[in-house]
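# Understanding the architecture of this molecule
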Amino acid sequence: MPPRSRIEGNEIMLLEALFIIGEDGNIYEGGGWTKIGDHTFGFNKISLGISIIGNFMTTTPNSKAQTAALSLIQCSLLKGYLASNYTLKGHRQLGQTTCPGDALYEVIKQWLRWN
């Protein structure tokens, strides 16, 4: 599910992700590392919100998107924006949602530090 936005005054505010990944393999900065996202109630201050654009209920993101997501996690570690003892979770583990989609959820369960 793509990230939602809202308009505040003349400014469009990204509500969910700090980073958005396209299946072109590009990583787009929403709030970035220094902002607090609004992606997962109760966890925004201690998490890094990453969205991959698309519907992944029955199909997985392509390899470019998956590689970009893993690279972003690694970069976040190296730059000190993600704790070395982080835990990877799918959005559905922290709230009532089907996000990130059944197919993508099965993929991330195989990634390092998923819990």
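Cut-offs applied
Residues numbered from 1 in each chain as written. Predicted model: local features only at pLDDT ≥ 70, side-chain atom pairs only at ≥ 80, totals over all residues. Heavy atoms only, no water. Phe/Tyr/Trp six-rings, centres within 6.5 Å; stacked < 30°, edge-to-face > 60°. Buried < 20%, exposed > 50% of the residue type's maximum accessible area, 1.4 Å probe, protein only. Lys NZ or Arg CZ within 6 Å of the ring centre and 35° of its normal. Helix = DSSP H or I, 4+ residues; strand = E, 2+ residues; numbered from the N terminus. Expected span 1.5 Å × (residues − 1). Contact = heavy atoms within 4.5 Å. Polar contact = N/O pair within 3.5 Å; in protein donor to acceptor, adjacent residues only side chain to side chain. Salt bridge = Lys/Arg side-chain N within 4 Å of Asp/Glu carboxyl O.

Where an unreviewed UniProt entry is consulted, the protein chain appears under the name Peptidoglycan recognition protein family domain-containing protein, with the organism given as Chiloscyllium punctatum.

## Focus on the packing of aromatic side chains
Per the counting criterion, the structure on display carries one aromatic pair. Both rings, one in Y105 and one in W114, keep their centres 6.1 Å apart while their planes meet at 75°; by these two values the pair is edge-to-face. A relative accessible area of 27% places W114 in the partly exposed class. The side chain of R113 reaches across the aromatic face of Y86, ending 5.2 Å from its centre.

## Digging into helix α1 (residues 63–78)
Across its 16 residues, α1 extends 22 Å between first and last C-alpha, which sits within 8% of the 22 Å expected from 1.5 Å per residue. Buried-residue contacts for α1 involve β3 (19–21), β4 (27–29), β5 (50–52) and α2 (102–108). For α1, the capping residue at the N-terminal end is N62, with a side-chain oxygen 3.2 Å from the backbone nitrogen of K64. After α1 finishes, the residue G80 shows a positive phi value of roughly 80°.

## Remarks on the pattern of salt bridges
Here the structure, examined in full by the defined rule, presents two salt bridges. One salt bridge in this structure joins R92 and D102, with 3.0 Å as the shortest N-O distance. Residue R92 is found in the loop between α1 and α2, and its partner D102 is found in helix α2; the two are separated by 10 residues along the sequence. The class for D102 is partly exposed, based on a relative accessible area of 37%. Among the salt bridges present, the one from K109 reaches E106, with a minimum N-O distance of 3.2 Å. Judged by its relative accessible area of 43%, E106 falls in the partly exposed class.

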